[in-house]
Amino acid sequence: MAQILQYLANGLVFSSIIILGSIGLSLVYSIADFANFAHGDTMTLGAYGAFVAFGVFGGLGGTVLGLPLGFFLSLVVGMALAAVVAVLTHILVYKPLDTDSIGLLITSIGVAFVYRAVLQATFGTDFLQYDISRSGPIPVLLDTLDVAVTQRDVAIIVSAAVLVAGLHLLLQRTTLGRKMRATADNPDLARVSGIRTDRVILVMWVVGSALAAAGGVFLALYSQLDPRIGFNILLVVFAAVILGGIGSVYGAMLGGLLIGMLHELTPLLGDIGLPISNAYAPAVAFVIMVAVLLVRPRGIAGDMT
Amino acid sequence: MSALDVGTYSPREKGVVGLLGALGAFLLVAVLTGFLAPAYLLYLIGLSAMYMLLSMGLNVQWGYGGMINFSVAAFFGLGAYGTALLTASGSPISGGVSPVIALFGGLGLAAVLAVIIGYPTLKLRDDYLAIASLGLAEVVRIFILNESQWTAGSAGLTGIPLFFSDWPVLGDLTYPYIFYAGGTPVFNMSQSVVTSALNVVLVTVIVAAVYLFLRRIHQSPWGRVLRTIRTDEDLAETLGKNTFAFKMQAFVIGSLIMALAGVFYSHLVLFVSPSDLQPITTFYVWVAVILGGTGSDRGAMLGGFTIVAIQQGTRFMTDTGLLPIGAAPLRLMLVGLLIIFIVRLRPEGILPPERELIWPDSLGGGRDE
């Protein structure tokens, strides 16, 4: 039982990361109408941006949720960097293209390579870590529930929840949010209604990439940082987006939660005797994705927006 | 292919031929001046030909049938692993099987996988097919990486014999292989050159056979249906064609050609590991196909050649020590920029299918099909 609780706790942390990644991917999918293969590398970009920023702000005093204040400042820097790069990429690369969604998909692979090449050339391929000392599991949870959860895990979950709640408020309570939902739903109708969809699309890139960057930063914080982390997780993020239903932000959140949980629950299969080790966690996610596509091509929340 | 071939080469095509000729001449001079080892040049030719095979295989799926297959690396890997597991001395399963028989082991694995991947995914929308096939290819890679009792895991397979190792004459050549003229040795060929030359002969035969086969089926009624499906699947359906069956056939044929490339690769490099199945291999082949010209087999050949040029050229460029960037990121950067610029500037590729799409019978008429 404690074992299952532990898996669920791990799942919550991993889900937080996947959710942050899948929201951006889903936004771009619905607005720009293509599967953005550079999204994973946008996550990596944010993680490295925060890494550099942490070198500057790391000394800042005070801690929040067990992490130095400078870390959260660096997180914001990483998010801003990813947003700027994504907007520049949109203006320089995607916008001038006269091609279909497949052409854009293939182009985004090229963009992903360029991002990764720059990171590799600058930082090398070695594993890096944010210079934050790791603390052990929180004693209370360990004693009462026998579940090992670190302060760092809690910080990731809480930060992700704050970001997601912020996005929810933006989408539901602001004029900009209404315009974004209208554009996502039907770009042509939104345009003839007088919404300047060009600007809304730029905002989508900013929001989507910033959230992706946050996901990347937390991923790097959760494990470690190297130029491939984002790409390695991209398919799991795609699985979440497809499971939730492409184009639905709330579906992406739900899909992210489910895929993240299933990813971390994979060891259960081993516990009940199936010869499937942890290494197959991503594989399980892909297989679920294909199965969902077959049964419900529009995803489990396909018609929500 | 008769009348139109005469004098109808476009300036661009002549340019491409000229460029390739110049590069060939340069390489030849490099070999003659001792700058480049002959065995290495032959190895490069073999590698280019292998990428040509992969590109032609993808071309059947994407160029003819419009299927976005992102699992090229998996089919390539199964071909390579299939033959390696059967022939290699380091194989955890069997080993010692003749490469000529093991060849079919690799092809068989790929055919089975093609049906397993194709059956659920070929009905999907284009971009879903891309994501799903990439995901399933990763499942294959994760399997090979982790089931080390069958696949030797991350260590990879060593001890793979040369393709002709158990052939009566070719396997028994003694080295160095010296040609005599009147009692004096005039030409001394080392083992590496002979085996590399044999590999080039082998791959040339395979490429030629595949090219002729593809040209034949592309012009057949089967190929025409497939092209109709790519253009307008609903139309093909309305005309009473079982489009799923056609797509599946094209998918399997393409996958078998990719596996053939994998088999050749195994016996060329004599080592396979799960890293050969990384998605980057798939993307290299995609670059080759869209660069060369989607649907064009000549383009696929040019693309395959370009990929090897980028792979090996970056190594030379960084060896000079003049660049502030390592070989791996430079390669990634070049491939990335290449993708972006092709889609932006020349989405139809450098050698798009032109004459290939005109039936010989209709040459007397206009340029419409």
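Residues numbered from 1 in each chain as written. Chains lettered and ligands numbered in written order. Predicted model: local features only at pLDDT ≥ 70, side-chain atom pairs only at ≥ 80, totals over all residues. Heavy atoms only, no water.

## Structural notes on the overall build of chain B
Rules: Numbering of helices and strands runs from the N terminus, with a helix taken as a DSSP run of H or I at least four residues long and a strand as a DSSP run of E at least two residues long. Only protein chains enter the area calculation, which uses a 1.4 Å probe; residues under 20% of their type maximum are buried, those over 50% are exposed, and those in between are partly exposed. Pairs of residues are marked as contacts when any of their non-hydrogen atoms sit within 4.5 Å. Computed by Shrake-Rupley with a 1.4 Å probe, the accessible areas treat only the displayed protein chains as cover when residues are assessed.
A count of helical and extended segments in chain B gives 13 helices and two strands. Every one of the 369 residues in chain B was classed for burial, and the buried ones make up 54%. Long-range contacts, defined as pairs at least 24 residues apart, comprise 77% of the intrachain contacts of chain B with a sequence gap of at least 6. Counting every atom, chain B has about 15900 Å² of accessible surface; 67% of that belongs to carbon and sulfur.

## Side note on a nonpolar patch on the surface
Residues and elements named next belong to chain A. Let me state the cut-off plainly: Candidates for patches are residues over 30% relative accessible area with no salt bridge; among them, like charges are joined within 9 Å and nonpolar side chains (Val, Leu, Ile, Met, Phe, Trp, Tyr) within 5 Å. Here, a salt bridge means any side-chain nitrogen of Lys or Arg that lies within 4 Å of a carboxyl oxygen of Asp or Glu.
Taken together, the side chains of Leu60, Val64, Leu65, Leu69, Leu73, Val158 and Val162 present a nonpolar region at the surface, about 510 Å² in accessible area. For the nonpolar patch, the elements supplying multiple residues, two or more each, are helix 3 (69-94) and helix 6 (151-173). As for its position among the elements, Val162 is in helix 6. Overall, Val162 belongs to the exposed group, its relative accessible area being 54%.

## Here we look at helix 10 (residues 229-244) of chain A
Residues and elements named next belong to chain A. Just so we agree on the cut-off: Every helix has an expected span of 1.5 Å times one less than the residues it contains. In this analysis the local bend is the angle between axes fitted, respectively, to the seven residues ending at and the seven residues starting at the residue.
Taking 1.5 Å per residue, 16 residues should reach 22 Å; helix 10 reaches 23 Å between its end C-alpha atoms and fits that length. The largest bend along helix 10 measures about 35 degrees and falls at Leu235. Among the 16 residues of helix 10, 15 are classified as buried, and the element is accordingly described as predominantly covered. Immediately beyond the C-terminal end of helix 10, within one or two residues, lies Gly245, with a positive phi of roughly 110 degrees.

## So, the pattern of salt bridges
All names here are of chain A. Under the defined criterion, the tally for this structure stands at five salt bridges over all chains. Asp41 is the partner of Arg116 in a salt bridge, and the nearest nitrogen-oxygen pair spans 3.0 Å. One end of the pair, Arg116, is in helix 4 (residues 101-123); the other, Asp41, is in helix 2 (residues 39-57), and 75 residues separate them in sequence. Note on Arg116: relative accessible area 4%, which makes it buried. The partner of Arg191 in a salt bridge is Asp188, with the nearest N and O atoms 3.3 Å apart. Taken together, the residues Arg191 and Asp188, both in helix 8 (residues 187-192) and three residues apart, mark about one turn of the helix.

## Overview of the packing of aromatic side chains
Rule in force here: Paired rings are identified among Phe, Tyr and Trp, the last through its six-membered ring, by centres lying within 6.5 Å, and are further divided according to the angle between planes into stacked (under 30 degrees), edge-to-face (over 60) and tilted (the rest). In this analysis the charged atom, NZ for Lys or CZ for Arg, is taken to sit over a ring once it is within 6 Å of the ring centre and within 35 degrees of the ring normal.
Applying the stated criterion to the full structure yields 22 aromatic pairs over all chains. The interplanar angle of 70 degrees and the centroid separation of 5.7 Å between the aromatic rings of A:Phe113 and B:Phe283 together place this pair among those described as edge-to-face. One end of the pair, A:Phe113, is in helix 4; the other, B:Phe283, is in helix 11 (residues 279-292), on a second chain. Judged by its relative accessible area of 1%, B:Phe283 is buried. Seen in terms of ring centroids, B:Phe70 and B:Phe283 are 5.5 Å apart; in terms of plane orientation they differ by 90 degrees. Their pairing is edge-to-face. Here the residue B:Phe70 occupies a position in the loop between helix 2 (38-64) and helix 3 (72-87), and B:Phe283 occupies one in helix 11, the gap between them amounting to 213 residues. Site record: aromatic cluster; members linked through ring pairs are A:Phe37, A:Phe113, A:Phe231, A:Phe238, B:Trp62, B:Phe70, B:Phe283 and B:Trp286. Positioned over the ring face of A:Phe231 is A:Arg116, at 4.5 Å from the centre of the ring. Note that B:Lys123 overlies the ring of B:Tyr119, its terminal NZ or CZ placed 4.6 Å from the centroid.

## Focus: unusual backbone geometry
Look at A:Asp33: it is not a glycine, yet its phi comes out positive at around 65 degrees. Locating A:Asp33 in the fold gives a position in the loop between helix 1 (2-31) and helix 2. With a relative accessible area of 49%, A:Asp33 lands in the partly exposed category. Of note, the phi angle at B:Leu270 is positive, near 65 degrees, even though the residue is not glycine. Secondary-structure assignment places B:Leu270 in the loop between helix 10 (243-269) and helix 11.

## Quick look at the side chain of A:Ser30
All names here are of chain A. This is how the line gets drawn: Distance and chemistry together define a polar contact, namely a pair of N or O atoms within 3.5 Å, with one atom able to donate a hydrogen and the other to accept it when in protein, and with adjacent residues in sequence counting only for side-chain atoms on both sides.
Its place among the elements puts Ser30 in helix 1. Taking the relative accessible area as the measure of exposure, Ser30 reaches 14% and is therefore buried. Here Leu27 takes part through its backbone oxygen, which lies 3.0 Å from a polar atom of the side chain of Ser30. Those residues in contact with Ser30 that lie beyond four places of it in its chain are Ala184 and Gly247.

## Here we look at the interface of chain B and chain A
Which entries qualify depends on this criterion: Values labelled buried area give the accessible surface lost by two parts on being combined, using a 1.4 Å probe and summing over both.
Counting residues at the interface gives 39 residues for chain B and 40 residues for chain A. Around 3300 Å² of area is buried between chain B and chain A when both sides are counted, 82% of it from carbon and sulfur atoms. When residues of chain B are sorted by the area they lose upon contact with chain A, B:Tyr128, B:Ile131 and B:Leu332 head the list and together hold 19% of the total. Applying the counting rule to chain B against chain A returns zero salt bridges. Taken together, the links from chain B to chain A amount to four residue pairs in polar contact (both at pLDDT 80 or more).

## Focus on the confidence of the model for chain B
Should the pLDDT be low somewhere, the predicted coordinates at that spot are not to be read in detail. All names here are of chain B. Worth spelling out the cut-off: Every residue carries a pLDDT, the predictor's confidence in it, which falls somewhere between 0 and 100.
Confidence in the prediction for chain B averages 84 pLDDT; 88% of positions are at 70 or higher. A low-confidence stretch, residues 1-7 (pLDDT under 50), is modelled with 12 contacts involving residues beyond four sequence positions or located in other chains. Confidence drops under a pLDDT of 50 for residues 365-369, and excluding neighbours within four residues, the segment shows five contacts in the predicted structure. The ipTM value of the predicted complex is 0.89, and its pTM value is 0.89.

## Describing the packing of helix 2 of chain B against helix 11 of chain B
Residue and element names in this part refer to chain B. Keep this limit in mind: Fitted lines through C-alpha atoms serve as axes, helices being fitted only where they are in contact, and the angles separating the N-to-C directions of these axes extend from 0 to 180 degrees. Should an angle lie under 35 degrees it is considered roughly parallel, over 145 roughly antiparallel, and from 65 to 115 roughly perpendicular; all remaining angles are considered oblique. Note that Gly is not counted as nonpolar here; it falls among the polar residues with everything else outside the nonpolar set of Ala, Val, Leu, Ile, Met, Phe, Trp, Tyr, Cys and Pro and the charged set of Asp, Glu, Lys and Arg.
With their axes 9 Å apart at the nearest point, helix 2 and helix 11 run at an angle of 75 degrees to one another. The angle between the axes of helix 2 and helix 11 places the two elements in the roughly perpendicular class. Packed against helix 2, whose contacting residues are Tyr51, Leu54, Ser55, Leu58, Asn59 and Trp62, the element helix 11 presents Tyr284, Val285, Trp286, Ala288, Val289 and Ile290 at the interface. Split into classes, the residues belonging to the contact of helix 2 with helix 11 amount to 10 nonpolar, two polar and no charged.

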